[in-house]
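Structure assessment
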Amino acid sequence: MKVELLSALNDTNVDAAQSSNQRQLAISISSLANELDQSLPLNLCLMLDKSGSMHGEPMKTVIQAVEQLLAQLNPSDRISIVAFAGTAEVIIPNQIVKDPESIKSQLHKKLKAGGGTVLAEGLSLGITELLKGTKGAVSQAFLLTDGRGDNGLKIWKWQIGPNDHKRCLELAQKATRVNLTINTFGFGNDWNQDLLEKIADAGGGTLAYIERPEQAVDQFSRLFKRIQSVGLTNAHLLLSLVPGVRLAELKPIAQVAPETIELPVEIEANGSFIVRLGDLMKDVERVVLANIYLGQLPEGEQVIGHIQIRYDDPAENKEGLFSTLLPIYAHISKTYQPAVNPQVLQSILVLAKYRQTQVAEAKLSQGDRAGAVTMLQTAAKTALQIGDTNAATVLQVSATRLQAGEELTESDRKKTRIVSKTILRE
């Protein structure tokens, strides 16, 4: 298994006469497998909401989704299952999948709906179970809920009782530090989309929307295939820039594929930048976009920075490996002629769609309905430019309903959020 690392500027040519030139740097990262590479063992934890609202058909379909997932696990894989409501419990401790039928039996026996929803308790127990089986494996969690969690009670500036939301985000961030990935599933229409998106983003995973119970099996299967394709883990992008070149101060780096996520950036002691990418899937391109500014540089082809990936290879039981150090070039010229890269422009538009939708949501929450409509229409046009017709339809429908004086349903809001980040899957 090896890392393929590529980079490109949206415009390779730079005007030497300008004191500041803005460029978008697209970085493509892939995990390349050869014929001898085997699939890595999985260490999977399912954190399942068993609150009262999951009673009946929702719980039944979630159990079906888990059973189908169990049937796809290999004997070398590990599974653990945590159920949470007002409190949390481990119903299947972390174990190698030797007897799937026994696990199914315990699942039916112990997964009974009832009680409130405290997400952090389930997340905390799930992380504890995952940590028991991390060696040489891909460690990921599925967190499924149909609720909003408990924010506690706040009187003026004092917090009374636990803030479930804050604790969830802290736990997701801690999980990434020990090479765990958290994926979230919103079930139905009453879950907190801001919270689940933040948990998935902080946990290096993805957010899935199960609008109707019958979609649970397909959504579980889709994400399971994704984690089965992981080849390398704990990947970090290392970026260094030469004097006279800098990162933008506001939202400097974002991932645009396979879904859009704003990525936090840490600064090393030597002034270079480090960005956590998490798990790398085999032959699936990860694309990161960095917003940089170039000052006045000497004429000619100039190295403006370097990129490298640090990663772990569980199959070889090796940690802290490095890809080849790759230089980033720009051509500085007094006779400037644009040299636009269409693929980078596509990535820029993907990020624009996401951020335009974010602005629309912010305007709507502030009571600026007209502003929200304008931004949703703009996002729909951007989606059409990149060929994402499904997203364009969802965004335009939301804009049209707001323009007609209607309120967006919870389903409308959640679909709008999902298509801003990725392609909506029915």
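No experiment lies behind these values; they were computed from the predicted model shown.

Overview of the sheet that holds strand 7 (residues 138-145)
Strands sit in the order 6-5-4-7-10-11 across an open sheet of six strands; the sheet is mixed. In the strand order of this sheet, the two ends are held by strand 6 (88-96) and strand 11 (204-210), each with one partner. Looking at each pair of strands side by side, their axes are set apart by 15 degrees on average, direction ignored. Sheet analysis places strand 7 next to strand 10 (residues 181-187), joined by six bridges and oriented parallel.

A look at the layout of surface pockets
The space that makes up the largest pocket amounts to roughly 950 Å³. What lines the largest pocket is a set of 39 residues, among which Asp201, Ala202, Gly204, Leu263 and Pro264 lie closest to the centre. Considering only residue class, the lining of the largest pocket consists of eleven nonpolar, 13 polar and 15 charged.

Observations regarding the packing of aromatic side chains
For the structure shown, the criterion picks out four aromatic pairs. Where Phe185 meets Phe220, the ring centres are 4.8 Å apart and the plane angle is 40 degrees; that geometry is what we call tilted. With a gap of 35 residues between them, Phe185 in strand 10 and Phe220 in helix 6 (residues 216-228) connect regions that are remote in the sequence. Of the two residues, Phe185 and Phe220, both sit in the buried class.

Points about the packing of helix 3 (residues 119-130) against helix 4 (residues 164-177)
Packing of helix 3 against helix 4 brings their axes to within 8 Å, and their N-to-C directions diverge by 20 degrees. One finds that helix 3 runs roughly parallel with respect to helix 4. Handedness of the helix 3/helix 4 crossing: left-handed. Two secondary-structure elements touch here, helix 3 through Leu119, Ala120, Glu121, Leu123, Ser124 and Ile127 and helix 4 through Asp164, Arg167, Cys168, Leu171, Ala172 and Ala175. Taken together, the residues of the contact of helix 3 with helix 4 break down into eight nonpolar, one polar and three charged.

Description of the pattern of salt bridges
Any two side chains of opposite charge can pair, given that their charged atoms come close. A complete count under the given rule lists 21 salt bridges for this structure. With its nearest N and O atoms 3.3 Å apart, the salt bridge here joins Asp201 to Lys421. With Asp201 in helix 5 (residues 193-202) and Lys421 in helix 10 (residues 410-421), the pair connects residues that are 220 residues apart, well separated along the chain. The exposure class of Asp201 is partly exposed, given its relative accessible area of 22%. Of the charged contacts in the structure, one is a salt bridge between Lys363 and Asp368, with a shortest N-O distance of 3.8 Å. Overall, Lys363 belongs to the partly exposed group, its relative accessible area being 26%. A network of salt bridges, in which partner residues are shared, links Asp194, Glu197, Asp201, Glu361, Arg417 and Lys421.

A short note on empty space enclosed by the protein
Tallied over the full model, the rule gives two cavities of 30 Å³ or more. Of the voids in this model, the second largest cavity is the one considered here, and its volume is about 40 Å³. Along its surface, the second largest cavity is lined by Thr206, Leu207, Glu259, Ile418, Lys421 and Thr422. Those elements that place two or more of their residues in the lining of the second largest cavity are strand 11 and helix 10. Its residues assigned to classes, the lining of the second largest cavity shows two nonpolar, two polar and two charged.

Rules and cut-offs
- Residues numbered from 1 in each chain as written.
- Predicted model: local features only at pLDDT ≥ 70, side-chain atom pairs only at ≥ 80, totals over all residues.
- Heavy atoms only, no water.
- Pairing = 2+ DSSP bridges.
- Helix = DSSP H or I, 4+ residues; strand = E, 2+ residues; numbered from the N terminus.
- Axes fitted to C-alpha atoms, helices over the stretch in contact; angles between N-to-C directions.
- 1 Å grid on protein atoms, 1.4 Å probe; cavity = no way out; pocket = protein on both sides within 12 Å on 5 of 7 lines; lining within 4 Å.
- Points joined across faces, edges and corners; volume = space filled by probe spheres on them.
- Nonpolar A, V, L, I, M, F, W, Y, C, P; charged D, E, K, R; others polar.
- Phe/Tyr/Trp six-rings, centres within 6.5 Å; stacked < 30°, edge-to-face > 60°.
- Buried < 20%, exposed > 50% of the residue type's maximum accessible area, 1.4 Å probe, protein only.
- Parallel < 35°, antiparallel > 145°, perpendicular 65-115°, else oblique.
- Left-handed = near helix turned anticlockwise from the far one by under 90°.
- Contact = heavy atoms within 4.5 Å.
- Salt bridge = Lys/Arg side-chain N within 4 Å of Asp/Glu carboxyl O.

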